[in-house]
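Below are the chains, spelled out letter by letter.
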Amino acid sequence: MHENTEIRREAKSISYLTLVCNKPRYVVVPAGIEFFHITESATGRVKGFRRLHCDACALARRLES
C-alpha cells in the first residue's frame with residue numbers, strides 16, 4: 001500500500017462548503033502607491049478606499065458586520 005493512501009482518504013472528508021462560507025465578503029486590494037481599495041469579493045465592485053492599509057482593513061471589517 002502506498003504511504004500517501006491515508007492522506008488521500010482524509011482529504012475526501014473535507015467539506016468544501018465550509019471553506020466557501022468563511023470567505024470574507026470585502027477584500028482589501030492595493031490600488032497604487034499608499035492607496036487601497038476595499039472591494040466586494042463576489043462582484044469585484046469597489047466599496048471604499050483608504051490611503052493607509054490599517055485604515056482599509058478597519059473599513060473592510062466594519063462593512064462585514
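Structural notes, computed from the coordinates. (Residues numbered from 1 in each chain as written. Predicted model: local features only at pLDDT ≥ 70, side-chain atom pairs only at ≥ 80, totals over all residues. Heavy atoms only, no water.)

1. Side note on the overall build of the protein chain
Worth spelling out the cut-off: Put simply, DSSP marks the helices as runs of H or I at least four residues long and the strands as runs of E at least two long, and each gets a number from the N terminus on. Exposure classes here rest on a 1.4 Å probe applied to the protein chains alone. A residue is buried below 20% of its type maximum, exposed above 50%, and partly exposed in between. We call two residues contacting when some pair of their heavy atoms lies within 4.5 Å. Reported accessibility uses the Shrake-Rupley method at a 1.4 Å probe radius. Residues are deemed covered only where the shown protein chains occlude them.
Secondary structure assignment for the protein chain yields 3 helices and 3 strands. Taken from the N to the C terminus, the helices and strands of the protein chain come in the order α-α-β-β-β-α. Taken across its 65 residues, the protein chain has 17% of its residues classed as buried. By sequence separation, contacts in the protein chain at least 24 residues apart represent 15% of the contacts at least 6 residues apart. As presented, the protein chain carries roughly 5,600 Å² of accessible surface, and 58% of it is formed by carbon and sulfur atoms.

2. A word on the side chain of threonine 39
You can see threonine 39 is positioned in strand E2 (residues 35–40). When neighbours within four sequence positions are excluded, threonine 39 is seen to be in contact with Arg25, Tyr26, Val27, Val29, Gly44, Arg45, Val46 and Lys47.

3. Focus: the environment of phenylalanine 35
Within the secondary structure layout, phenylalanine 35 lies in strand E2. Put simply, phenylalanine 35 and histidine 53 are 18 residues apart on the chain and 7.7 Å apart in space, counted from C-alpha to C-alpha. If we skip the residues at most four places from it in the chain, phenylalanine 35 touches Val29, Pro30, Phe49, Arg50 and Arg51.

4. Some thoughts on the sheet that holds strand E1 (residues 26–32)
Heads up, the rule is: DSSP bridges decide pairing: two strands pair if at least two such bridges lie between them. The axes used here are C-alpha line fits, helices contributing only the stretch in contact, and every angle between their N-to-C directions lies in the interval 0 to 180 degrees.
Strand order across the open sheet formed by 3 strands is E1-E2-E3, with antiparallel pairing between neighbours. Both outer strands of the open sheet, E1 and strand E3 (46–50), are each paired with one neighbouring strand and no more. Across the sheet, the axes of successive neighbouring strands diverge by a mean angle of 30°, strand direction being ignored. Sheet topology places E1 next to E2; 6 bridges connect them, and they run antiparallel. What sits directly across from valine 27, in E2, is threonine 39. Across the sheet, helix H3 (residues 53–64) lies against E1, E2 and E3, angled at about 150° from E1, the strand it touches most.

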